[in-house]
Every structure is written in structure tokens, then in C-alpha cells.
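Architecture and fold: a report
One-letter residues, chain by chain:
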Amino acid sequence: MAAESEDRLEALIEDLLRINAIKFGSFKLKSGVDSPIYFDLRVIVSYPKILGLVADLLWSRAQSEGISLDCICGVPYTALPFATVVSVKYGVPMVMRRKEAKDYGTKRMVEGSWLPGSDCLLFEDVVTTGSSVLETVEVLKTAGLEVKNTIVLLNREQGGSENLASRGIQLYSVLSVYKVLDVLLSKNKIDLNMAERVRGFLNGTTPDSSLLTTPITTKIKKRLRYSERRDIASHKAVKRLLSIMEKKKTNLALSADLTTTDKLIKLVDEVGPHVCLVKTHVDIMSDFSYDGTGLRLKELAKKHNFMIMEDRKFSDIGNTCKLQYTSPLYSLSDWSDLVTCHGIAGPGTVNALSDVIPEGSGCVLVAEMSSRACLTSSEYKESVLRIARDFDNVIGLICQRKLSEREDILYMTPGVNIDKEGDRLGQQYHSPEEVIIRKESDIIIVGRGIYESADPVASAIQYKNRSYSAYTESITIPEH
Ligand code: S5P
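Only a predicted model underlies this, so the values are computations on that prediction, with no experimental measurement involved.

About the cut-offs
Residues numbered from 1 in each chain as written. Predicted model: local features only at pLDDT ≥ 70, side-chain atom pairs only at ≥ 80, totals over all residues. Heavy atoms only, no water. Core = buried A, V, L, I, M, F, W, Y, C linked by side-chain atoms within 4.5 Å. Buried < 20%, exposed > 50% of the residue type's maximum accessible area, 1.4 Å probe, protein only. Contact = heavy atoms within 4.5 Å. pLDDT = per-residue confidence, 0-100. Near = heavy atom within 4 Å. Polar contact = N/O pair within 3.5 Å; in protein donor to acceptor, adjacent residues only side chain to side chain. Nonpolar A, V, L, I, M, F, W, Y, C, P; charged D, E, K, R; others polar. Axes fitted to C-alpha atoms, helices over the stretch in contact; angles between N-to-C directions. Helix = DSSP H or I, 4+ residues; strand = E, 2+ residues; numbered from the N terminus. Parallel < 35°, antiparallel > 145°, perpendicular 65-115°, else oblique. Salt bridge = Lys/Arg side-chain N within 4 Å of Asp/Glu carboxyl O. UniProt positions renumbered as here; feature names shortened; annotations may be inferred. Phe/Tyr/Trp six-rings, centres within 6.5 Å; stacked < 30°, edge-to-face > 60°. Lys NZ or Arg CZ within 6 Å of the ring centre and 35° of its normal. Pairing = 2+ DSSP bridges. Right-handed = clockwise from strand over helix to strand, strands pointing away.

**Some words on the nonpolar core**
It is characteristic of soluble globular proteins that their nonpolar side chains tend to be buried jointly. Membership of the largest hydrophobic core comes to 79 residues, with the highest contact counts inside it found for L241, L254, V268, L338, L365, L397 and M412. Setting aside residues no more than four positions away along its own chain, L338 makes contact with A237, L241, L277, M307, I308, M309, E310, G362, V364, I395 and M412. Counting 49 residues, the second-largest nonpolar core is a separate cluster that includes L58, A83, I151 and V180.

**Some points on the confidence of the model for the protein**
In the predicted model, the protein carries a mean pLDDT of 90, and 93% of its residues have values of at least 70. Segment residues 205-220 is flagged for pLDDT under 50; beyond a separation of four residues in sequence, or across chains, it makes 34 contacts in the model.

**With respect to the site of the ligand**
Around the ligand sit 16 residues, and of these D257, K279, S370, Y429 and R448 come closest. One nitrogen or oxygen atom from the side chain of D257 is found 2.7 Å from an oxygen atom belonging to the ligand. Here the residues of the shell around the ligand sort into five nonpolar, five polar and six charged.

**So, the packing of helix α2 (residues 48-64) against helix α3 (residues 79-90)**
At a closest axis distance of 9 Å, the pairing of α2 and α3 adopts a crossing angle of 75 degrees. Regarding the angle of α2 to α3, the classification is roughly perpendicular. From α2, L51, G52, V54, A55, D56, L58 and W59 reach across to α3, where they touch P81, F82, V85, V86, K89 and Y90. When grouped by side-chain class, the residues that make up the contact of α2 with α3 number 10 nonpolar, one polar and two charged.

**Some words on the pattern of salt bridges**
For the structure on display, the rule yields 34 salt bridges. We note a salt bridge from D269 to K303, for which the minimum N-O separation is 2.9 Å. Of this pair, D269 sits in helix α10 (residues 261-271) while K303 is found in helix α11 (residues 290-304), placing the two residues 34 residues apart along the sequence. Judged by relative accessible area, which is 55%, K303 ranks as exposed. Bridged by salt links that share partners, the residues E10, K187, E434, R438 and K439 form one connected network.

**Side note on the side chain of D56**
Mapped onto the elements, D56 comes out in helix α2. Residues in contact with D56, not counting those within four places in the same chain, are R8, K89 and Y90.

**A word on the UniProt feature "binding site: substrate" (unreviewed entry) in the protein**
As recorded in UniProt, the sites labelled "binding site: substrate" (unreviewed entry) are D257, K279, S370, Q427, G447 and R448. With respect to the helices and strands, the residue K279 is situated in strand β10 (residues 277-280). If we skip the residues at most four places from it in the chain, K279 touches L254, S255, A256, D257, M309, D311 and I445. Inspection of the secondary structure assignment puts R448 in helix α17 (residues 448-451). Not counting chain neighbours up to four residues away, the residues in contact with R448 comprise D423, Q427, Y429 and S453.

**Section: the packing of aromatic side chains**
Enumeration over the complete set of coordinates arrives at eight aromatic pairs. When the ring of Y226 is compared with that of Y471, the centres are 3.8 Å apart and the planes differ by 5 degrees; the resulting orientation is stacked. You can see Y226 sitting in helix α8 (residues 226-232) and its partner Y471 sitting in helix α18 (residues 456-475), a full 245 residues away along the chain. For the pair shown, Y226 and Y471 are each scored as buried. Among the aromatic residues, those joined into a ring-pair cluster are Y226, Y468 and Y471. If you follow R312 out to its NZ or CZ, it ends over the ring of F314, 5.3 Å from the centre.

**Let's talk about the pairing of β10**
Of the two faces of β10, both are covered, the one formed by L277 and K279 as well as the one formed by V278 and T280. Bridging between strand β9 (residues 252-255) and β10 involves three bridges; their strand directions are parallel. Bridge pairing in β10 places A253 opposite L277. Traced from β9 through α10 to β10, the parallel crossover comes out right-handed. In this sheet, strand β11 (residues 307-314) lies alongside β10 in parallel orientation, the contact comprising four bridges. Across the sheet, V278 pairs through a bridge with I308, a residue of β11.

**Structural notes on the packing of helix α1 (residues 6-18) against helix α6 (residues 177-186)**
Where α1 contacts α6, the axes come no closer than 10 Å and their chain directions differ by 85 degrees. One finds that α1 runs roughly perpendicular with respect to α6. Two secondary-structure elements touch here, α1 through E6, E10, I13 and L17 and α6 through K179, V180, V183 and L184.

**Some thoughts on the side chain of T340**
Its place among the elements puts T340 in strand β12 (residues 338-342). Here the side chain of T340 touches D311 through a polar contact of 2.7 Å, side chain to side chain. Residues contacting T340, with those up to four places away along its chain left out, are M309, E310, D311, R312, K313, F314, V364, V366 and I398.

**What to know about unusual backbone geometry**
Following P76, the chain continues to Y77 via a peptide bond in cis, the omega torsion being -5 degrees. Secondary-structure assignment places Y77 in the loop between β3 (71-74) and α3. Of note, A373 is a non-glycine position whose phi angle comes to about 60 degrees, a positive value. Tracing the chain through its elements places A373 in the loop between β13 (362-366) and α15 (378-390).

Below you can see the structure in the form of C-alpha cells.
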């Protein structure tokens, strides 16, 4: 998923149900097949607020993917007003595809003004197989426009992406049909029976085959296994962490926020066998020393096979961060594999750290925070994602959910606790299942849930088992 505000997406899904743009029941499709779900997004045009929200979400998806374009076009008719509103709101030139050629005058199939070879971004309301996108692409190409990217409001996940990719067109979606089901289920707008009926229909039924241009190969979006992710990843640290997660069967990170070396080393030695990563805050310690703390942590990392992330949250201008990272007081590069970094100062921070972080180590960018009323707006998250994309040494994100489609980086989520909903200082907690299954994150980061428990090892095992089972559950969706 792109870095859209989850709230806006959930609000849109509820609005679409309210205005009958999404319907549940029994509907006969063109193919004669009975479908338990039906989308009619044409009605959106009569609801200006919803239309405005749709335009915002489509445009922000284009921005977060960094799509370069000269103009936009909506597949007629439903996506035509979507493109128009984007054009007006964001000052982007638009071209308009005619459905029928005029029988007098110019006989043009595309209206507007553009230079030959201009990049045109296409918007569509719903994609099933992608056939209507392809039809419009052909017309635009004939008129001298290039189309490499399409953004769809709702992807039915029935082969459209693969079909378009085979024609060189990348499809991005704002919503997937599975997301719609999850949100409506969580808000009690549909019951489990209906959700299962629709899932069964989507997984097991061939869509309107008369519309297919190439055979469907994938009908269900399957979560990739750690081993598959490892093959996709290019950064050594990502490969290493995924290998540890697979070998030790753990996606738990310990946030070892203890203030003395003795306590820290004892906890890490006990819990080390159960975690893939230990996260530290050296600046909260009263007695940190390079030999006494840093190097001992490094020995334990070797002994128990985990990686170390110093949660320094670098956030200053590049030069200062470089000085902080290389300060001999901490010698971070000698014992930590990863460091966290904010995006607030722009790309300069990561850029400066790239000069000093050794090969095989990397940065984890804080894109989203767990604290109440934090300031990580969707625009901010999108900018952080752009920085992550621009720098090879960014190996992952601190976030509350899987914020992008990228599979070559890791999504790590703090704010996890089985017993509490939060603390008195604004921390907000979720369960391991919520984070791994519903929010599709990779790693849970747990601090007080482990080190403040009466039996930290037993608690770590409990978090590990629940979080890893959540992962195995989400990769074992049956394929059809
Ligand atoms: O958004 C965030 C980012 C981080 S890195 N929220 C967080 O809580 N963290 C860190 O995760 C925080 O600094 C602390 O070290 C840990 C959470 O600790 P817990 O005791 O609340 O589990």
C-alpha cells in the first residue's frame, strides 16, 4: 500500500458503501456469472466531497510513486471526472479521450494539446482484467502519447496488474478489493459470511473471460515469504536480517531500553535466542562505554545470531549527523548494524550518513510514529518514502503498517504490547496479529512488554510465537 492516510482510505470505503458505489448481494455479470459484490463508481460524480477525496488519493498515489508525467487522462466515462478534478486541483494538464469519433470536423479521438511523445498518466475507476485500460492506451498511443503508468481507484485483484505489466504498463492501486472487505468487516458493515463469500468468489471464479487479453496467472495477492524477499532484496543487511528471521523463526525485535550496562547485557543474553534484532538507545544509559557495552553487545549478537539497531533517530543537518555518527564516544559503526534516522531534515541526513556507514550496514527511516497525535502526515510519509527510494543504504522503515509496495526493504513496527493499550505519555499499542496480519508489517518491536515483565524470557517467547504465527498464517493463503 502507498503512504495514504489510513483514515482517509477507511473513510472513502465507508462512503462508497453509503452511496451504493459498493453493493453486496447477487449480481449477474456480463459473463453470466453471479457475483456477490458489485462496484458502480459512476455514482461518485454526484458527491463532490467524495469526488474530491478520490482525486486527492489518486494524485497522492502518483506523487508517492514519483511518477513523472506531462499530462493525465481518465478512462471514459467514470474516471473522466476523476482526472478533471485532479487537473483543476493540482494544476496538471489533461487530455480527454473520446469514446466515439465525431462524424464531422476533425475526427480526433483525443482532445487537448500535447507534444508528440508526452508521458500521459492514466486514471481508471475499477480494474478487473485491465481491458478497458488497454483500449484507451491504444487510442492515446495512436494520438502520439506515451502511457507507462495507470492508477486505479479500486483493483479487483483478478489479473489486471499482471495483464497490464505484460504490455509494459505499471498499475498502481489506491484500494484493493481485499482492503475493502477487511475495512468493512472491521467496522461491522458486513459479516464474516459475506466477506468469505466474496473472497471465495474472487479466488475461485474466473472473471469475465471474454474480456481477457492474456490468461490470468495470479488471482490472489499472496504475501511473499522471507526467502522470496531475500532474493528480491539487494542490500546485504536486508538479506541478512531476512535469513536470521527465517532460520530462527522469529520476527521479534527487542527494544532493550535499559539504563545500565549490566541490566542491558543480562537481558540481551537471555532474550537473544528469540529475537532477530536488538534495538538500543545508548543515550539513555548512565554507564555506556564502547568496550564495556558496545563490544559486549556485538559478542552477544554473534553468539545468538541477531542484528543490532541503534535507535539514535538522527534528525539534524547532514554535517552534524555525520559528526554524531562518527563520535568516538559511541563508535556506532563498530558494533551497530543499523541506525534509525528521521526524514525531517530532508535527504541531506541520509546522504551524509551514506558517507560514513560501513558497507553491509544501513539506515532505517522513521516514516510514521506510534505516539498519539504525532505529526507524520501522509504528505510527510510520502516524502520519507521518496528519500528511502533515492538512497540505497535505506534498508527499511519504522512505520505502523507496510507503507509501500516495495518488497526489498523491511517494515518495522514499534508500539506493540499484548497487555496494554498505551502508556500515560502518548504511546499507543497494538497486538502482534494486528501489526503483522492486518497492517502487513514485517517485524514487531517490543520494549516494556518484555523487559518490564516478571519473566522476560517467557514474554519474549510469547511475543515471538504470536508474531511468527501471524506471519506463517499470512503466507499460507491457499492458491487457486
Ligand atoms: O514511533 C515510534 C518509533 C520508535 S523507534 N515509537 C516507538 O515507540 N519507538 C521506539 O520503540 C521507542 O523509542 C522505544 O524504544 C520502543 C517502544 O518501547 P515500548 O516499551 O513502548 O514497547
